[in-house]
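Listed below are the residues making up each chain.
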Amino acid sequence: MSQNTAIVPNNQLVKGNHDFASITKLISDIPQERTPLWWYIAFGISNIVMAVMLAMIAWLIWEGVGVWGLNNPVGWAWDITNFVWWVGIGHAGTLISAILFLFRQGWRTAINRFAESMTIFAVMCAGLFPAIHVGRIWAIYWIFPLPNSMQLWPNFNSPLLWDVFAVFTYLIVSTLFWYVGLIPDLATMRDKVKGTISRLLYGTFALGWTGGNRQWQNYEKSYMILAGLSTPLVLSVHTIVSFDFAVSIIPGWHTTIFPPYFVAGAVFSGFAMVLSLMIITRKLYKLEDIMTVDHIEKMNIIILVTGTIVGFAYAIEFFIAWYGGVEYEKFAFVNRAFGPYAWAYWIMITCNVVSPQFFWVKKFRRNVALTFILSIVINIGMWFERFVIVVTSLAQDFLPSSWGYFSPTYVDVLTYIGTFGLFFTFFLLFLRFLPMVAISEVKGVLPQANPAYYRSNNGKSKTTE
Amino acid sequence: MRSNSNQYGVLAEFANPADLMDAASAVNKAGYKHFDTYSPFPIHGMDDAMGLKESKLGWIVLIHGIIGLLGGIALQVWSMDIAYPLHISGKPYLNFPAFVPVGFAIVILLSAFGAFFGLFALNKLPRLHNPLFNSDRIAKATDDGFFICIEATDPVYSEEKSTAFLKEAGAIHTEIIPK
Amino acid sequence: MSMDHHHTTLSDRLTFPEDNKIATGFFAAGILGVVLSLIGLFVNTEQFFYSYLTSFTFIASLVLGALFFVMIQHVTRSSWSVVIRRIPETISFQLLWLGLLFVPILFGMEFLYEWTRPERIATDELTQYKQPYLNIPFFVIRNVIYFTVWGFLGYKLYKNSVAMDLSDDPALDKKQRVLSAPGILLFAFTVAFASFDWLMSMDSHWFSTMFGVYYFAMSFQSILAVVIIIVLYLFRKGLLTKTINNAHIHDLGALLFGFTVFYAYIAFSQFLLIYYANIPEETLWYYYRFEGSWIILAYLFLIGRFVLPFVLLLGKKAKTNYKLLMGVSIWIVILQFLEMFWIVMPILHKGAISFHWLDITLLLAFFGISSGLFFRHFGKHSMIPKNDPLLAESLNKH
């Protein structure tokens, strides 16, 4: 019988010499410190940008969707592009919190809270666009199956209605998942903060959590089930978003690979967004011990994989457009690459297919500055991907006499920019008042958390007094 | 028996998760039923050490999921086929493939409600007052402390014997929590 | 719960017992299948080639799934799967021979692929249009490329792994990862195009961008089932019972559950999009496969390949219930064969399911030879990669 070789130690998930108390302190001190000056500045700017968005939406509702650059062939443009882009960004949060949890990837604990919060705020930004693009927003409740005087019901054959259900479910389930994860940490905050009011507030939201194992048992089960539910949900949400396009017969929209291709694209852009935010935050809050370069490297690998899937889908789509021999389909794809929107197409290819290829090299994967730049580049690329899909197919479809070209108005541009104000307003509030790293989960992946640690040779021997 | 009516129980602190687990196992074997261990994170293997049964949450979620499935189908069948049948793109009124996305979303939504509210129901949360918090030390359970509390309601409980038992099991500190 | 990392010993025997005659048995069955099928070749040539393609794409889907399984484990550096990795490694080693088994199809192309028939090319505009891609020389070249790529990957990954049994050279482990990362990329393109060539082009007008993903989804679900069957077979023989534990089985069961959902997702999405748009050039493919009694199989896949395994494997305990897992896994592999049958056969037998004895004999031939090869190679080396740097971690999984 063969003897085994020695174990190769995995990279430690938490760097530095941390114990349970120092982890608690590292994270729970952040909301208790004086608010830093940069926070006020950033929050102020976010508020102003959000106010611009609100003004634009008010103007849109007052005046009608004509204030956007939409025209007759192009009935969807920035609104739906922005919607798909924001929803996609949200997906990384669920992927990190749910799918990586099911695959028992311990490294997710450093970033899951962060990414989940991003999900919720991104889905809020996303949901805004379909809501305001309906024209008569005061009748928006018609999308819900509510009894009304006309005895009409929503059309369950419409993918647009599927979207309503999918996005609402996604927002609610993500929020529940996020809150369940927060409860033990809110209890930690309750037990740490000094002020009576903050103690009362954290205590209220911690709901009386004690950390008893009888609670942990149900908690772990609930967390596991929510992760199990979120995993198919996150796939279904972007799948249904892709159905918005793919069940139609518009050339360039109707292609069967859309569901998995949209999901991969969503994860791709979402991870890029998590990286952009994380790289800034870990610097500002000195969390380099918890959000380590190893995390960045792992996320870059996922970016490389999903980016390559997206590139694969582009290639297959192009091939089948030729192979299928349908004239309109062929035209749609050639037109994307060489037609009036060729500039957008080549931005998309450069950002989405070319730029992630850097990450084949380990040195680049571990380079924080390069990662930051590429993460922004990828998000630009993914915005253009949605723009290319939505606009090129509509602008030049079956009938050349009705072809058109879309140009955004200032309302289009400012509404989109404004959603960043909305996003960062919430995100900054989250950074300021909530534990931004899942404290209990990070403790759970420390080697000291495993009872076996104290029984093996390198741990301390059993302590008794 | 003596009156323990003014006590909530005895709280013992342990040095680390391993000691806590050994102690929990001992407490369980000694026949105590009303006790719990408190730790800043869930400890792998503690459920077995304490002799806990499987969580019932899975069943709660399953029931919610089934209600969601039936409800989702009923909603769509009723509104598309019975209440206001509309002919859309040459598809039958009962267009089942089209009912999958919404049906699925409703199943997930209801199951998630089951997992969320079921968690609170099983954990008896939110709770306005818990005598456990009369102890100053228990706050460490959300930081770096590991505790066992044997409650006074336990038939085997006795102030002296239970305290001594926990000390023997390796407690580094014990205290009686008043009600 | 032993967590003593430094002295993990393997207490099982690591080689497949030599006195086990299972490989010989499979070979005998395979040869019987070959002989009977050869008779069939003369009795009903057309049917022979359709049955041949069915069994070939069935076995190929399993072997390709195994290759992907091995590569993804290397890329993600997963430790849990180390103890079972030799099984898919040995399966994907067969890719070296699979190319030979493809050769007969080249002789039956006029039966299988309408785009090769001169009268079709002369009259059908779309077939003429597709000539630059769908022509025999290019078809052969493409298949040579596919089998070279797969054969190389399967061979290298197996040989490196076996070489590591003898020397615990960590450079070999690194090699596996360096091979696997671009390997997955190559795999994605080759499998997609192979599925277009082998199956999609049988209906030469039809196209679906999802088809490669669909073939992959089926193959990965099936290979998980196959790995479970083999592990449980080994258990029944008393092998590796102390090496592979319930945690590994549970993970395999969970993966099978997950990829059952993935299969359903891909298959349903492809169907829904084509059904919804309702364009004639696309719907015909489903039309033939839903026509007459063929629809029974479509429903069987919905119920049997998704609903049933989903419900049965949902619970936590089910994923370590050996009997249940074995039953579900065998069932899924059978359905994988039937799904290949359902994709290939409606072209020959329009309107009604029609089984031919050649379907059985060719399945016997392919399955017998393939399983025989597996057990023969499996017996030559240790049943687990015994010097893998992550083995200790895998053994200590609980």
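Definitions and cut-offs
- Residues numbered from 1 in each chain as written.
- Chains lettered and ligands numbered in written order.
- Predicted model: local features only at pLDDT ≥ 70, side-chain atom pairs only at ≥ 80, totals over all residues.
- Heavy atoms only, no water.
- Helix = DSSP H or I, 4+ residues; strand = E, 2+ residues; numbered from the N terminus.
- Rg over C-alpha atoms; globule rule 2.2 N^0.38 Å.
- Buried < 20%, exposed > 50% of the residue type's maximum accessible area, 1.4 Å probe, protein only.
- Contact = heavy atoms within 4.5 Å.
- Areas by Shrake-Rupley, 256 points an atom, 1.4 Å probe, with all protein chains shown as cover.
- Salt bridge = Lys/Arg side-chain N within 4 Å of Asp/Glu carboxyl O.
- Core = buried A, V, L, I, M, F, W, Y, C linked by side-chain atoms within 4.5 Å.
- Domains from an automatic or database assignment.
- Buried area = accessible area lost by both parts, 1.4 Å probe.
- Polar contact = N/O pair within 3.5 Å; in protein donor to acceptor, adjacent residues only side chain to side chain.
- Expected span 1.5 Å × (residues − 1).
- pLDDT = per-residue confidence, 0-100.
- Phe/Tyr/Trp six-rings, centres within 6.5 Å; stacked < 30°, edge-to-face > 60°.
- Lys NZ or Arg CZ within 6 Å of the ring centre and 35° of its normal.

## So, the overall build of chain B
Each helix and strand in chain B was counted, giving five helices and four strands. Taken from the N to the C terminus, the helices and strands of chain B come in the order β-α-β-α-α-α-β-α-β. A compact globule built from 179 residues would reach a C-alpha radius of gyration of about 16 Å, whereas chain B, at 25 Å, exceeds it by more than 25%. With respect to the principal axes defined by its C-alpha atoms, chain B has extents near 80 × 30 × 30 Å. Every one of the 179 residues in chain B was classed for burial, and the buried ones make up 51%. A separation of at least 24 residues holds for 77% of the contacts in chain B among residues at least 6 apart in sequence. Total accessible area on chain B stands at roughly 8200 Å², and carbon and sulfur atoms take up 63% of it.

## Brief notes about the pattern of salt bridges
A complete count under the given rule lists 25 salt bridges over all chains for this structure. Among the salt bridges present, the one from Lys192 of chain A reaches Asp143 of chain B, with a minimum N-O distance of 2.9 Å. Taken together, the residues Lys192 of chain A in helix H5 (residues 159-192) and Asp143 of chain B in the loop between helix H4 (96-123) and strand E3 (146-151) connect one chain to another. In this structure Lys192 of chain A comes out as partly exposed when scored by relative accessible area, which is 31%. A relative accessible area of 9% places Asp143 of chain B in the buried class. Beyond isolated ion pairs, a larger network of salt bridges with shared partners links Asp294, Glu297, Lys362, Arg365 and Arg366 of chain A.

## As for the nonpolar core
Counting 332 residues, the largest nonpolar core has Trp86 of chain A together with Trp150 and Trp198 of chain C as its most contacted members. Ranked by residue count, the leading element in this core is helix H10 (residues 211-236) of chain C, at 21 residues. Two domains each provide a minimum of three residues to this core, namely domain 1 (7-53 + 130-178) and domain 2 (57-122) of chain B. In contact with Trp150 of chain C, not counting residues within four places along its chain, are Leu64, Leu67, Leu95, Thr190, Val191, Ala194 and Trp198 of chain C. By size, the runner-up hydrophobic cluster in this structure holds nine residues, among which are Leu11, Leu132, Ala141 and Cys149 of chain B.

## Structural notes on the interface of chain C and chain A
Accessible area lost on assembly of the parts is the figure often given for the size of an interface. At the interface, 56 residues of chain C touch 43 residues of chain A. A per-residue breakdown of the area chain C buries against chain A is headed by Tyr129, Thr209 and Leu273 of chain C, which together make up 17% of the total. Joining chain C to chain A, the criterion identifies 11 residue pairs in polar contact (both at pLDDT 80 or more). Here the side of chain C that touches chain A takes 12 residues from helix H11 (residues 246-277) of chain C, the largest share from any one element.

## Concerning helix H1 (residues 17-29) of chain B
The α-helix advances 3.6 residues per turn, and as a result positions three or four apart in sequence lie on the same side. All names here are of chain B. With 13 residues, H1 extends 18 Å from end C-alpha to end C-alpha; this agrees with the ideal 18 Å at 1.5 Å per step. When we look at burial in H1, the residues that qualify are Pro17, Ala18, Asp19, Leu20, Met21, Ala23, Ala24, Ser25 and Val27. Buried residues in H1 make contact with strand E1 (7-14), strand E2 (35-38), helix H2 (46-50), E3 and helix H5 (159-168). Where H1 begins, the side chain of Asn16 points an oxygen toward the backbone nitrogen of Ala18, at a separation of 3.0 Å.

## Section: the confidence of the model for chain A
Residues and elements named next belong to chain A. In this model, chain A carries an average pLDDT of 89, and 95% of its residues clear a pLDDT of 70 or more. Across chain A, the element-wise mean pLDDT spans from 88 in helix H1 (residues 20-28) up to 96 in helix H2 (residues 37-63). Taken as a whole, residues 1-9 scores under 50 in pLDDT and shows 20 contacts with residues more than four places along the chain or in a different chain.

## Concerning unusual backbone geometry
For the bond from Leu125 of chain B to Pro126 of chain B, the omega torsion is -10°, close enough to zero to count as cis. With respect to the helices and strands, Pro126 of chain B occurs in the loop between H4 and E3. The phi dihedral of Lys124 of chain B is positive, around 55°, even though this residue is not glycine. Summarising the element assignment, Lys124 of chain B is placed in the loop between H4 and E3. The residue Asn278 of chain C is not glycine, and still its phi comes out positive at about 55°. Here Asn278 of chain C shows up in the loop between H11 and helix H12 (280-290). Assessed through its relative accessible area of 48%, Asn278 of chain C is described here as partly exposed.

## Some thoughts on the interface of chain A and chain B
Between chain A and chain B, the residue contacts involve 62 residues of the former and 69 residues of the latter. For the pair chain A and chain B, the summed buried area comes to about 5800 Å², and 67% of that belongs to carbon and sulfur atoms. Looking only at chain A, the three residues that lose the most surface to chain B are Phe156, Asn213 and Arg214 of chain A, adding up to 12% of its buried area. The interface formed by chain A and chain B contains two salt bridges. Residues Lys221 of chain A and Glu54 of chain B are paired through a salt bridge, measuring 3.8 Å at the closest nitrogen-oxygen approach. Seen at the junction of chain A and chain B, the total is 22 residue pairs in polar contact (both at pLDDT 80 or more). Mapped onto the side of chain A that touches chain B, the elements with two or more residues apiece are H1, H5, helix H7 (213-246) and helix H15 (439-445) of chain A. When residues of the side of chain A that touches chain B are assigned to their parent elements, the largest contribution, 17 residues, is made by H7 of chain A.

## Overview of the domain arrangement of chain B
For chain B, the domain assignment lists domain 1 (7-53 + 130-178) and domain 2 (57-122). Centre-to-centre separation of domain 1 of chain B and domain 2 of chain B, based on C-alpha positions: 44 Å.

## A word on the environment of Pro400 of chain A
All names here are of chain A. For Pro400, the position within the fold is in the loop between helix H13 (368-395) and helix H14 (410-433). Here Pro400 falls in the exposed class, since its relative accessible area comes to 51%. As for Pro400 and Ala126, which are separated by 274 residues in sequence, their C-alpha atoms are 33 Å apart.

## Looking at the packing of aromatic side chains
Here the structure, examined in full by the defined rule, presents 130 aromatic pairs over all chains. With a centroid separation of 5.7 Å and an interplanar angle of 90°, the aromatic rings of Tyr261 of chain A and Phe262 of chain A are classed as edge-to-face. An identical accessibility class is assigned to Tyr261 of chain A and Phe262 of chain A; each is buried. Taking the centre distance of 4.9 Å and the plane angle of 70° together, the rings of Tyr52 of chain C and Phe366 of chain C count as edge-to-face. Of the two residues, Tyr52 of chain C sits in helix H2 (residues 45-75) while Phe366 of chain C sits in helix H15 (residues 357-380), which places them 314 residues apart along the sequence. Note that Arg214 of chain A overlies the ring of Phe35 of chain B, its terminal NZ or CZ placed 5.4 Å from the centroid. The ring of Tyr288 of chain C has Lys350 of chain C sitting right over it, with the charged end atom 5.0 Å from the ring centre.

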